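# Survey of secondary and tertiary structure
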Amino acid sequence: MTPTELAEKLHARDAVLLAGRLLLSLIFVHEGLQLATHFEGAQKAMAALGIGTPLLLATIALQLGAGLSVALGILARLGAVGLGLFCLMTAGLFHTNFASQNELLHFEKDLAIAGGMFVLAASGASKLSMDRVLRGMMKGRAGEGSKADAAAVRETSLPV
């Protein structure tokens, strides 16, 4: 058995995508929770940067909503695109003082995370996602409905 066949048999691709989704989303869910639970402090810090409360609220909503979307695999492609764009904007707006090694590092990390999010958006969440579970449930219900509808038609149809 080749390594590729073994990986396919163990569903390694799906497990790696799940691990990647969880690792990528962790920073956003954590930061969203931090901003939400320390709202007044975050509001003051953001105001010092010229960012008002509506944008802070939108940031919290994006980090928590899209972060959970990616982690759980519910509309993960959409969440990944949103977070990837967020990272690009954050890098370009807040981390452009390349004379500071710390700012350069944050800029590069934002670009790397954006890249990971765009790769995730291109590949999808994998079979280990809530989207797949929900899709399976919907197909099951649709199938049951179709069978019930067909039975009802047979029962009420006049003989030909």
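Shown above is the structure to which this text applies.
Presented here is a report on the structure given in the accompanying data block. Note that the coordinates shown come from a computational prediction; the quantities given were computed from them, not determined experimentally. (Residues numbered from 1 in each chain as written. Predicted model: local features only at pLDDT ≥ 70, side-chain atom pairs only at ≥ 80, totals over all residues. Heavy atoms only, no water.)

## Considerations on the overall build of the chain
Keep this limit in mind: Put simply, DSSP marks the helices as runs of H or I at least four residues long and the strands as runs of E at least two long, and each gets a number from the N terminus on. For each residue, the accessible area found with a 1.4 Å probe, counting protein chains only, is set against the maximum for its type, and the residue is called buried under 20%, exposed over 50%, and partly exposed in between. Pairs of residues are marked as contacts when any of their non-hydrogen atoms sit within 4.5 Å. Values of accessible area rely on a 1.4 Å probe in the Shrake-Rupley scheme; residue burial ignores everything except the protein chains shown.
The helix and strand tally for the chain stands at 7 helices and 0 strands. Listing each helix as α and each strand as β along the chain from the N terminus yields α-α-α-α-α-α-α. Counting the 160 residues in the chain, one finds 27% classified as buried. For the chain, long-range pairs separated by at least 24 residues make up 66% of all intrachain contacts whose partners lie at least 6 apart in sequence. As displayed, the chain has an accessible area near 10,500 Å², and 69% of this comes from carbon and sulfur atoms.

## Describing the packing of aromatic side chains
Spelled out, the test is: Each Phe, Tyr or Trp ring (for Trp, its six-membered ring) is paired with any other whose centre lies within 6.5 Å, and the angle between the two planes then decides the class: stacked below 30 degrees, edge-to-face above 60, tilted in between.
Considering all chains together, one arrives at 2 aromatic pairs under this definition. With a centroid separation of 4.9 Å and an interplanar angle of 70°, the aromatic rings of F98 and F107 are classed as edge-to-face.

## Details of the side chain of D14
Test applied: In this tally, Lys and Arg are treated as positive and Asp and Glu as negative; His is ignored, and so are the chain termini. Salt bridges are defined by distance alone: a side-chain nitrogen of Lys or Arg within 4 Å of a carboxyl oxygen of Asp or Glu.
By secondary structure assignment, the location of D14 is in helix α2 (residues 12–37). For the buried residue D14, which engages in no salt bridge, the nearest side chain bearing the opposite charge is R13, 4.1 Å off. The contacts of D14, once residues within four sequence positions are left out, are S126, K127 and L128.

## A look at a positive patch on the surface
Note the cut-off: What makes a patch is a set of residues exposed beyond 30% relative accessible area and free of salt bridges, joined within 9 Å when like-charged and within 5 Å when nonpolar (Val, Leu, Ile, Met, Phe, Trp, Tyr). For charged residues, the charge sits on one atom: NZ in Lys, CZ in Arg, CG in Asp, CD in Glu.
On the surface, R13, R77, K127, R132, R135 and K139 cluster together to form a positively charged patch. If you tally residues by element for the positive patch, the top one is helix α7 (residues 130–156), at 3 residues.

## Considerations on the side chain of Q63
Considering the arrangement of structural elements, one finds Q63 in helix α4 (residues 53–72). Apart from the residues lying within four places of it in its own chain, the contact partners of Q63 are F28, V29, E31, G32, L35, L68, L83 and F86.

## Observations regarding the packing of α4 against helix α5 (residues 76–94)
Basically, it comes down to this: Think of each axis as a best-fit line through the C-alpha atoms, taken over the contacting stretch in the case of a helix, with angles from 0 to 180 degrees between the N-to-C directions. What sets the label is the angle itself: under 35 degrees gives roughly parallel, over 145 gives roughly antiparallel, 65 to 115 gives roughly perpendicular, and the rest give oblique. Two helices cross in a left-handed way if the nearer one is turned anticlockwise from the farther one by less than a right angle. They cross in a right-handed way if the turn is clockwise. Each residue is assigned to one of three groups, with Ala, Val, Leu, Ile, Met, Phe, Trp, Tyr, Cys and Pro labelled nonpolar, Asp, Glu, Lys and Arg labelled charged, and all others, Gly among them, labelled polar.
Close contact between α4 and α5 brings their axes to 8 Å; oriented N to C, the two are set at 140°. One finds that α4 runs oblique with respect to α5. By crossing handedness, the relation of α4 to α5 is classed as left-handed. On α5, the residues that touch T59, L62, Q63, A66, G67, S69 and V70 of α4 are A76, G79, A80, G82, L83 and F86. Of the residues in the contact of α4 with α5, the class split is 7 nonpolar, 6 polar and no charged.

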